[in-house]
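The residues making up each chain are set out below.
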Amino acid sequence: MTTPQTPTGRLVLAATPIGDVEDASPRLRRLLAEADVVAAEDTRRLRALAARMGVSIGGRVISYHEHNEAGRAGDLLEVVAGGGTVVVVTDAGMPSVSDPGFRVVAAAVEAGLPVTAAPGPSAVLTALALSGLPSDRFCFEGFPPRKPGERARALAELATERRTLIFFEAPHRLADTLAAMAEAFGPQRPAAVCRELTKTYEEVRRGPLAELAAWASAGEVRGEIAVVVGGDVDRAPTSTRDLVAEVLARADAGERLKDAVSDVAETAQVPKRELYAAALAARSR
């Protein structure tokens with residue numbers, strides 16, 4: 001006799017337009033109409049978006065934001081475990097990318113429940129593509145720290161990063177942040193300020209950090225902003241001896257050798273296998 005299996009639903013992270021409503025995918029429209037529960041960062045903004053899309057939300061709508069996401073994750077997963085579809089949306093872009101979503105995904109993975117995504121607009125990737133800066137390797141750093149001292153330290157740690165860097169920033173902090181970046185990365189480091197992407201007043205301003213900092217401080221800048229900064233590609237490559245010394249120093253401090261090699265190799269953009277072999281050889285001497 002076959003025992004009936006408990007129906008299992010799914011958790012769906014659904015990307016919403018970052019500006020132009022026409023960027024909404026047909027799949028997003030269908031999910032909003034058919035989902036049992038839609039967990040939204042701002043329920044009023046979701047309903048306004050649905051109205052502009054001409055979609056009637058078929059299921060229950062609940063708020064799911066940074067202040068309640070940990071507590072509500074269990075409730076959402078109960079729906080999934082019972083066979084329902086839960087769709088998570090944020091105000092704009094892809095959930096969990098500098099927005100709510102990570103905690104419920106982590107909880108779903110731990111519980112063995114299905115998780116998928118309806119991909120779509122992303123401010124991070126759109127800014128990177130429009131910046132004109134190298135896009136083969138990049139890293140997303142989110143919002144820089146608000147306090148000047150903490151921001152300066154965080155940027156100093158990224159000064160030798162060779163990958164293209166992407167940040168979000170609030171309009172009223174943009175001028176100070178660009179000035180801090182010019183100080184940490186150098187005034188001539190190429191960058192781009194991407195504002196109001198896909199919206200009516202979209203603007204991408206490109207130039208050296210010092211020039212962009214002067215522009216931002218000269219007048220009020222409004223809208224949603226992403227800042228893209230070129231990596232430290234002009235710095236002379238670090239020698240293998242220096243990299244091995246850094247790996248061994250971190251290993252002597254208690255870090256696993258493989259972890260130290262992986263991190264140093266990624267930062268220096270050198271093959272992990274070669275650096276690991278060199279570290280083992282140096283250790284055996």
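Read on for an overview of the structure. What you see is a predicted model, and the numbers here were worked out from it, not measured in a lab.

As a further point, take the state of the cysteines. Counted by the stated rule, this structure contains 0 disulfides. Looking at Cys139, it has no disulfide partner, and the nearest cysteine sulfur is the one in Cys194, 15 Å off. For Cys139, a relative accessible area of 9% gives the class buried. Classification of Cys194 by relative accessible area gives buried; the value is 0%.

Leu178, Met181, Phe185 and Val229 are the most contacted members of the largest nonpolar core, which totals 22 residues. Looking at this core, the elements that each hand over two or more residues are β7 (164–169), α7 (174–185), β8 (190–195), α8 (209–218) and β10 (225–229). When residues no more than four places from it in sequence are discounted, the contact partners of Met181 are Leu155, Phe167, Gly186, Leu209, Val227 and Val229. If you look at the next biggest cluster of nonpolar residues, it comprises 19 residues, including Ala14, Ala24, Leu49 and Ala50.

To continue, consider the packing of aromatic side chains. The tally for this structure, following the rule as stated, stands at 2 aromatic pairs. Judged by centre distance (5.7 Å) and plane angle (65°), the ring pair of Phe143 and Phe168 falls under edge-to-face. Taken together, the residues Phe143 in the loop between β6 (138–142) and α6 (148–157) and Phe168 in strand β7 connect sequence positions 25 residues apart. Residue class for Phe143 comes out partly exposed when judged on its relative accessible area of 45%. Here Phe168 falls in the buried class, since its relative accessible area comes to 12%. Here a set of aromatic residues connected by ring pairs shows up, and it is made of Phe140, Phe143 and Phe168.

What follows deals with the sheet that holds strand β2 (residues 37–40). Taken together, 5 strands build an open sheet; the order of strands is β3-β2-β4-β1-β5 and the sheet is parallel. Of all the strands in the sheet, the pair left with one neighbour each is β3 (60–63) and β5 (115–118). In this sheet, adjacent strand axes meet at a mean angle of 25° when their direction is disregarded. For β2 and β3, the ladder comprises 4 bridges, and the chain directions are parallel. Directly across from Val37, in β3, lies its bridge partner Arg60. Helix-sheet contacts for helix α2 (residues 43–53) involve β2, β3 and β4 (85–89), and the interaxial angle to β3 is about 140°. This element, helix α3 (residues 69–81), spans β1 (10–14), β2, β3 and β4 of the sheet and lies at about 160° to β3.

Cut-offs applied
Residues numbered from 1 in each chain as written. Predicted model: local features only at pLDDT ≥ 70, side-chain atom pairs only at ≥ 80, totals over all residues. Heavy atoms only, no water. Disulfide = S-S within 2.5 Å. Buried < 20%, exposed > 50% of the residue type's maximum accessible area, 1.4 Å probe, protein only. Core = buried A, V, L, I, M, F, W, Y, C linked by side-chain atoms within 4.5 Å. Helix = DSSP H or I, 4+ residues; strand = E, 2+ residues; numbered from the N terminus. Contact = heavy atoms within 4.5 Å. Phe/Tyr/Trp six-rings, centres within 6.5 Å; stacked < 30°, edge-to-face > 60°. Pairing = 2+ DSSP bridges. Axes fitted to C-alpha atoms, helices over the stretch in contact; angles between N-to-C directions.

Coordinates in, geometry out; function isn't part of it.
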